Amino acid sequence: MKQLTYVRYEVLRTIRNRRFLIFSLIFPLILFYAIASEHRTAVTDGIPFPLYFMTGMMAFGSMNAVVSSGGRIAAERQVGWTRQMRVTPLRTSTYFFAKVLTGYLMALFSLVVLALAGTTLGVRLDATQWLTMVGLILVGLLPIAAMGIMLGHLVTVDSLGPALGGVTSLLSLLGGAFGPLATAGTLLTIVKLLPSYWIVQAGTTAYGGSEWPAEAWIVIAVWTIVTVRITALAYRRATARV
Amino acid sequence: MTFVSEHAQGIELRGLTKSYGDVPAVRSIDLSIAPGETVALLGPNGAGKSTTIDMMLGLTRPDSGTVSLFGSTPSHAVDAGLVGGMLQTGSLLDYLSVRELVTMVASLYPDPLKVEDVLELTGASDFASRRTTKLSGGQTQRVRVAIALVADPELLVLDEPTAALDVEGRRDFWNSMRAVAARGKTIIFATHYLEEADAFADRIILMARGRIVADGPPTEIKAKVGGRTIRTTLPEVALADLSALPGVATAEQRGDAFTLTCVDSASSDLALRSLLSGFPAARDVEVRGAGLEEAFLNLTGDDPDDFTATSAP
């Protein structure tokens, strides 16, 4: 467990690099206030609009937070730090654990700040509902975190920013983070296959006092297994010097 | 049965071979290095030094052959903290101070040195509180050495450690390395500067085109690669007359132009005197030290494999 010191410094580095706040916190926060304050009494997807949009911005911000570790991995690979670490006893699992953990801590920070912002616009949930919502979002972020690490091994540093931003924006849009994309029909069937849909639905689910339907757990599980598998392959390909 | 301690086994490379596609990088190297030796891997670019080092550190898997570090595989030796490596490229992790970064790396090892001691030894104490992104080239290099040393390794492997440094930076670097060598550590470093290998190593391994072409103490290697060539234009003279001059090892002719090769500066001085007195018609005389590359080509000789390697794009 000595390698926890490594994890601790990894967290410290991330906190000092405040750039991550732009897309994981500041941007979603501005959008939330700009749009939700105009529609405080509206109802969307059967729940109050501020709650719906707060969850949407939580999904958008926290997805940006967890994929950002991919960017840091790509940068460390480019400058040769990853190679240097391969000449130390650092385990690959510790390296990735530290990256995922910092991504999650950043995500949690965004969730808390957005929840506080939600209460200022009249979002009211009881403790169980808050915990259910945050818990479901954190579970739903698993495949997104893996996707960040995967892209960090597949894409060059130069194109990584647009790649990560594009993926999270597209997933957010399709998942309904900026407003429901579909409420019925084929399109709904399709978006229900995305993890981001279920992350956004965490608000509706928690408000209704239930948890995800079995369908959601299956979607998240399948996405997690597939992205982790591809990430493992990408890692092996990237580190094997021919 | 004699008892041999694990560490007494040193470093053993056996039949080590690696190609990148069709291009051979390292061609069946055999090498033994005893604990405590300071060894320079000397050779021009593309000699296979970095590939050899990468295989020693377990970063690159050999096509065939084995590496044994103190009786174990590279990855076991690395995990046990027996090996410190400083790679050719590699910047430092950002958003940390020098002290924090070295502490972070130290935490990975079973029995590291004290961080303050390492900073002192590598001359990094003065800027230990500074962020890693705010360092000069020489300071960055010291921190990279500190990272390689903090494990308190038995073997320190340095891949062209002074490539990014100016003359003063080089001198400082090797001064701090002497302190490390004095602690009885085994040091292997790659370089393409003969002077650097001569000044610091007690054994030079000369590599060219993936092979070891010479291996011995610096004085011996210097004699081999420290040759001079004399060029001159001299009409109507037989090649045999020039190759018979004192001090001349070999002579070549192209039209009226002659190239005389001498093994060292003493013999080239001798050859030059007899050339000028015996052949007053000699003009455009030029004496120069053979470059490392040229010296290596002479040493590798006419091996047909080498020509295949040269003609590869």
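Counting starts from 1 at the beginning of each chain's written sequence and moves along it residue by residue. Naming scheme: in the order in which they are written, chains are lettered from A and ligands are numbered from 1. In keeping with the model being predicted, local features are shown solely for residues with a pLDDT of at least 70 and side-chain atom pairs are shown and tallied solely at 80 or more, while totals for entire chains, interfaces and linings include all residues. No hydrogens and no water enter the side-chain calculation; it runs on all heavy atoms of the structure.

### Describing the overall build of chain A
Logical step 1: A tally of helices and strands in chain A yields 11 helices and two strands.
Logical step 2: Helix numbers and strand numbers start at the N terminus; a helix is a DSSP run of H or I with at least 4 residues, a strand a run of E with at least 2. Along its sequence from the N terminus, chain A presents helices and strands in the succession α-α-β-β-α-α-α-α-α-α-α-α-α.
Logical step 3: Every radius of gyration here is taken over C-alpha atoms, with the globule rule written as 2.2 Å times N^0.38, N being the number of residues. Taken over C-alpha atoms, the radius of gyration comes to 18 Å for chain A, in line with the 18 Å a tight globule of 242 residues would show.
Logical step 4: A principal-axis box enclosing the C-alpha atoms of chain A has dimensions of 60 × 40 × 35 Å.
Logical step 5: Counting the 242 residues in chain A, one finds 51% classified as buried.
Logical step 6: By the convention used here, residues are in contact when the closest approach between their heavy atoms is within 4.5 Å. Across chain A, every contact between residues at least 6 apart in sequence was considered, and the portion connecting residues at least 24 apart equals 78%.
Logical step 7: Note on areas: these come from Shrake-Rupley sampling with a 1.4 Å probe, and a residue is covered only by the protein chains present in the view. Carbon and sulfur atoms make up 69% of the accessible area of chain A, which totals about 10800 Å².
Logical step 8: Taken as two groups, the 19 positive and 8 negative side-chain charges of chain A have centres that lie 17 Å from each other. Buried residues are those whose accessible area, probed at 1.4 Å on protein chains only, stays under 20% of the maximum for their type, while exposed residues exceed 50% and partly exposed ones sit between those limits. Here Asp and Glu are counted as negative and Lys and Arg as positive; His is not counted, and neither are the chain ends. The atoms used to mark charge sites are NZ of Lys, CZ of Arg, CG of Asp and CD of Glu.

### Section: the domain arrangement of chain B
Logical step 1: Start and end positions for the domains come from either an automated domain assignment or a database one. Here chain B is described as being made up of domain 1 (6-223) and domain 2 (227-289).
Logical step 2: Centre-to-centre separation of domain 1 of chain B and domain 2 of chain B, based on C-alpha positions: 42 Å.

### Digging into the interface of chain A and chain B
Logical step 1: With 25 residues of chain A at the contact, the number on the chain B side is 34 residues.
Logical step 2: Regarding the contact of chain A and chain B, the summed buried area is about 2800 Å², with carbon and sulfur atoms giving 57% of it.
Logical step 3: For the chain A face of the interface with chain B, the top three residues by lost area are A:Arg13, A:Trp81 and A:Val87, together amounting to 24%.
Logical step 4: For this document, the term salt bridge refers to a Lys or Arg side-chain nitrogen within 4 Å of an Asp or Glu carboxyl oxygen. Counting across the interface, chain A meets chain B through three salt bridges.
Logical step 5: Where A:Arg13 meets B:Asp94, a salt bridge forms, and the shortest distance between an N and an O atom there is 2.8 Å.
Logical step 6: The set of elements that each furnish at least two residues to the side of chain A that touches chain B consists of helix 1 (4-16) and helix 4 (81-85) of chain A.
Logical step 7: Per element, the largest residue contribution to the side of chain A that touches chain B is seven residues, and it comes from helix 1 of chain A.
Logical step 8: Along the lines of polarity and charge, the residues of the side of chain A that touches chain B split into 10 nonpolar, six polar and nine charged. Joining two parts hides part of their accessible area as seen by a 1.4 Å probe, and the buried area is that hidden amount summed over both. For this classification, Asp, Glu, Lys and Arg are treated as charged, while Ala, Val, Leu, Ile, Met, Phe, Trp, Tyr, Cys and Pro are nonpolar and the rest, including Gly, are polar.

### Quick word on the pairing of strand 11 (residues 250-254) of chain B
Logical step 1: Here the rule is simple: two strands pair whenever DSSP picks up at least two bridges between them. Here strand 11 of chain B runs beside strand 12 (residues 257-262) of chain B; their pairing, made up of five bridges, is antiparallel. Note that in strand 12 of chain B the partner of B:Glu252 across the bridge is B:Thr259.

### Digging into helix 6 (residues 167-182) of chain B
All names here are of chain B.
Logical step 1: The span expected for a helix works out to 1.5 Å for each residue beyond the first. For helix 6, with 16 residues, the first-to-last C-alpha span of 23 Å sits near the 22 Å given by 1.5 Å per residue.
Logical step 2: Among the structural elements, helix 4 (115-121), helix 5 (137-149), strand 6 (155-159), strand 7 (186-191) and helix 7 (194-200) are those in contact with the buried residues of helix 6.
Logical step 3: Positive backbone phi, at 85°, marks Gly184, one or two positions downstream of helix 6.

### Structural notes on the packing of aromatic side chains
For any pair of aromatic rings, geometry is given as the distance between the ring centres together with the angle between the planes.
Logical step 1: Pairing of aromatic rings covers Phe, Tyr and the six-membered ring of Trp, with a centre-to-centre limit of 6.5 Å; geometry is then stacked below 30 degrees between planes, edge-to-face above 60, and tilted otherwise. Under the defined criterion, the tally for this structure stands at 13 aromatic pairs over all chains.
Logical step 2: Ring centres of B:Phe173 and B:Trp174 lie 4.9 Å apart, and the angle between their planes is 85°; on these two criteria the pair is classed as edge-to-face.
Logical step 3: What makes B:Trp174 buried here is its relative accessible area of 7%.
Logical step 4: Among the aromatic residues, those joined into a cluster by ring pairs are A:Phe23, A:Phe27, A:Phe60 and A:Phe178.

### Observations regarding helix 8 (residues 157-175) of chain A
Residues and elements named next belong to chain A.
Logical step 1: Over its 19 residues, helix 8 extends 27 Å from the first C-alpha to the last, a length consistent with the 27 Å expected when each residue adds 1.5 Å.
Logical step 2: Restricting attention to buried positions, one finds in helix 8 the residues Leu160, Leu164, Thr168, Leu171, Ser172 and Gly175. Summarising the axial view, the buried residues of helix 8 lie within an arc of 100°, below the 170-degree limit, and thus occupy one face. The exposed residues of helix 8 that point more than 90 degrees off its buried face are Asp158, Pro162 and Leu170.
Logical step 3: Of the surrounding elements, those touching the buried residues of helix 8 are helix 3 (49-78), helix 7 (142-154) and helix 10 (195-207). Note: the arc covers the axis-to-C-beta directions of the helix.

### Quick notes on the side chain of A:Thr224
Residues and elements named next belong to chain A.
Logical step 1: Along the chain, the position of Thr224 falls in helix 11 (residues 214-239).
Logical step 2: There is a polar contact of 2.6 Å between the side chain of Thr224 and the backbone oxygen of Ile220.
Logical step 3: Setting aside residues up to four positions removed in sequence, Thr224 forms contacts with Leu142 and Pro143. Between N or O atoms, a polar contact is any pair within 3.5 Å; within protein, one atom must be a potential hydrogen donor and the other a potential acceptor, and residues adjacent in sequence are included only when both atoms are from side chains.

### Some words on the nonpolar core
Logical step 1: Residues enter a nonpolar core if they are buried and are Ala, Val, Leu, Ile, Met, Phe, Trp, Tyr or Cys, with the set joined through side-chain atoms within 4.5 Å. Counting residues in hydrophobic clusters, the biggest one holds 59 residues, and the most contacted among them are A:Tyr6, B:Leu101, B:Val143 and B:Met177.
Logical step 2: Aside from chain neighbours lying at most four places away, what touches B:Val143 is B:Leu92, B:Val98, B:Leu101, B:Val102, B:Phe127 and B:Leu135.
Logical step 3: Counting 58 residues, the second largest nonpolar core, distinct from the first, contains A:Met133, A:Leu164, A:Val191 and A:Ala202.

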